[in-house]
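Inside the fold
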Amino acid sequence: MPELPEVESLVGFLRERVGGEVVERVYAVGVHALKTYEPGVGELEGRRIEEVGRFGKFLGFRGGDVWLVMHLARGGWVRWKEEVPEVPPRPGKGPLALRVRLVGGAGFDVTEAGTQKHLAVYVVRDPQEVPGIARLGPDPLGADFTPEVFAGLLRGERRQIKGVLRDQSVIAGIGNAYSDEVLHAAKMSPFKLAASLTPEEVARLYEVTGATLADAVERSRGLPLRDLKAEKKSGLRVHGRKGEPCPVCGDTIREVSYRDSSLQYCPTCQTGGKPLADRRMSRLLK
């Protein structure tokens, strides 16, 4: 799933290409993806794109008082085209969910791979009308995300720190992959209770959260959209690397599997050498 760094890179790429351009046509090909009906997608046509922005993992385009907002979910992506066909695309079972053609011929497709269709597209007057945006916590790359704010978010949290970092209502933009990366950099167990962290641990986690995300954004800066996913995968140190050696200590990276996801960690770096119990257990194996 695209997380904060990838969406931030998408924003930078698209801002350079669509900022100031006028929308000629919008085709909502995958009706399942369209979550709003008033205003309609046609409201965007003829409008100049004045802003491209990010809200957590959401991507947004503003034309006047209308926003096109999308959440790419697990299988969604944006594909830039220097020349978009003038012929309207045919609705079907393919990956194409949305097409935007700009005056002049360029534009982009929004696609979703796989059979599970969770990509979401909204046309709204205010991004806060999107339920997922309205509940977002502070952005970890924002100026208001201070050490004091971060400490306050964790205070009294009886959940495991992995789940807290992934909770979009607590912190916006961090998902499964980068929460693994942050916790590895912080040398912290994903099962550790957030409320049990010492002030020193909270300070360390705050520092590595910002550094890990900022580094990922910087690595992706200027890359073509087709290369962003590959860059993300190559830049990850533990996530998705079960069975490989830890780049810090050389221990074997382990995995905890859940029904529809998994986490990866290094026992030596994060759990005192003890493997974590798999299958949703939250205790260390004795």
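My aim in this report is to walk through the structure given alongside it, one point at a time. Just so we're clear, the structure is a prediction, and the values are computed from it rather than from any experiment. (Residues numbered from 1 in each chain as written. Predicted model: local features only at pLDDT ≥ 70, side-chain atom pairs only at ≥ 80, totals over all residues. Heavy atoms only, no water.)

**Structural notes on the sheet that holds strand S7 (residues 107-112)**
One open sheet holds the four strands; their spatial order is S1-S6-S7-S5, and the pairing between them is antiparallel. The outermost strands of the open sheet, each flanked by one partner alone, are strand S1 (23-28) and strand S5 (76-81). Strand-to-strand twist across the sheet, computed as the mean angle between neighbouring axes with direction ignored, equals 15°. Across six bridges, the pairing between S5 and S7 is antiparallel. Looking across to S7, one finds that Val-78 is bridged to Val-110. Against the sheet, helix H1 (residues 4-18) contacts S5, strand S6 (96-102) and S7, and its axis sits at roughly 25° relative to S5. (Pairing = 2+ DSSP bridges. Helix = DSSP H or I, 4+ residues; strand = E, 2+ residues; numbered from the N terminus. Axes fitted to C-alpha atoms, helices over the stretch in contact; angles between N-to-C directions. Contact = heavy atoms within 4.5 Å.)

**Some remarks on the pattern of salt bridges**
Within this structure, the stated rule accounts for 25 salt bridges. The residue Asp-109 makes a salt bridge to Lys-81 at a minimum N-O spacing of 3.8 Å. Placement of the pair is Asp-109 in strand S7 and Lys-81 in strand S5, with a sequence separation of 28 residues. Arg-219 is the partner of Asp-215 in a salt bridge, and the nearest nitrogen-oxygen pair spans 2.6 Å. Linking Asp-215 with Arg-219, this pair stays in helix H6 (residues 199-220), spanning four residues, or about one helical turn. Take Arg-219: its relative accessible area is 28%, and that puts it in the partly exposed class. (Salt bridge = Lys/Arg side-chain N within 4 Å of Asp/Glu carboxyl O. Buried < 20%, exposed > 50% of the residue type's maximum accessible area, 1.4 Å probe, protein only.)

**Quick word on the sheet that holds strand S3 (residues 58-63)**
Overall, antiparallel pairing links the four strands, which are arranged S2-S3-S4-S8 in an open sheet. The strands lining the two open edges of the sheet, one partner per strand, are strand S2 (51-55) and strand S8 (120-124). Ignoring strand direction, the axes of neighbouring strands in this sheet form an average angle of 20°. Against the sheet, H1 contacts S2 and S3, and its axis sits at roughly 175° relative to S2.

**Focus on the packing of H1 against H6**
Orientation of H1 relative to H6, taken along the N-to-C sense of each, is 40°, at an axis distance of 9 Å. Classed by the angle they form, the pair H1 and H6 counts as oblique. The two elements H1 and H6 cross, and the hand of that crossing is right-handed. For the pair formed by H1 and H6, the contact residues are Leu-4, Pro-5, Glu-8 and Ser-9 on the first element and Leu-213, Ala-216, Val-217 and Ser-220 on the second. (Parallel < 35°, antiparallel > 145°, perpendicular 65-115°, else oblique. Left-handed = near helix turned anticlockwise from the far one by under 90°.)

**A word on the packing of H1 against helix H7 (residues 225-235)**
For the pair H1 and H7, interaxial distance at closest approach is 11 Å and the crossing angle is 160°. Looking at the two axes, H1 sits roughly antiparallel to H7. Between H1 and H7 the crossing geometry is right-handed. From H1, Glu-6, Ser-9, Leu-10 and Phe-13 reach across to H7, where they touch Leu-225, Leu-228 and Lys-232. Of the residues in the contact of H1 with H7, the class split is four nonpolar, one polar and two charged. (Nonpolar A, V, L, I, M, F, W, Y, C, P; charged D, E, K, R; others polar.)

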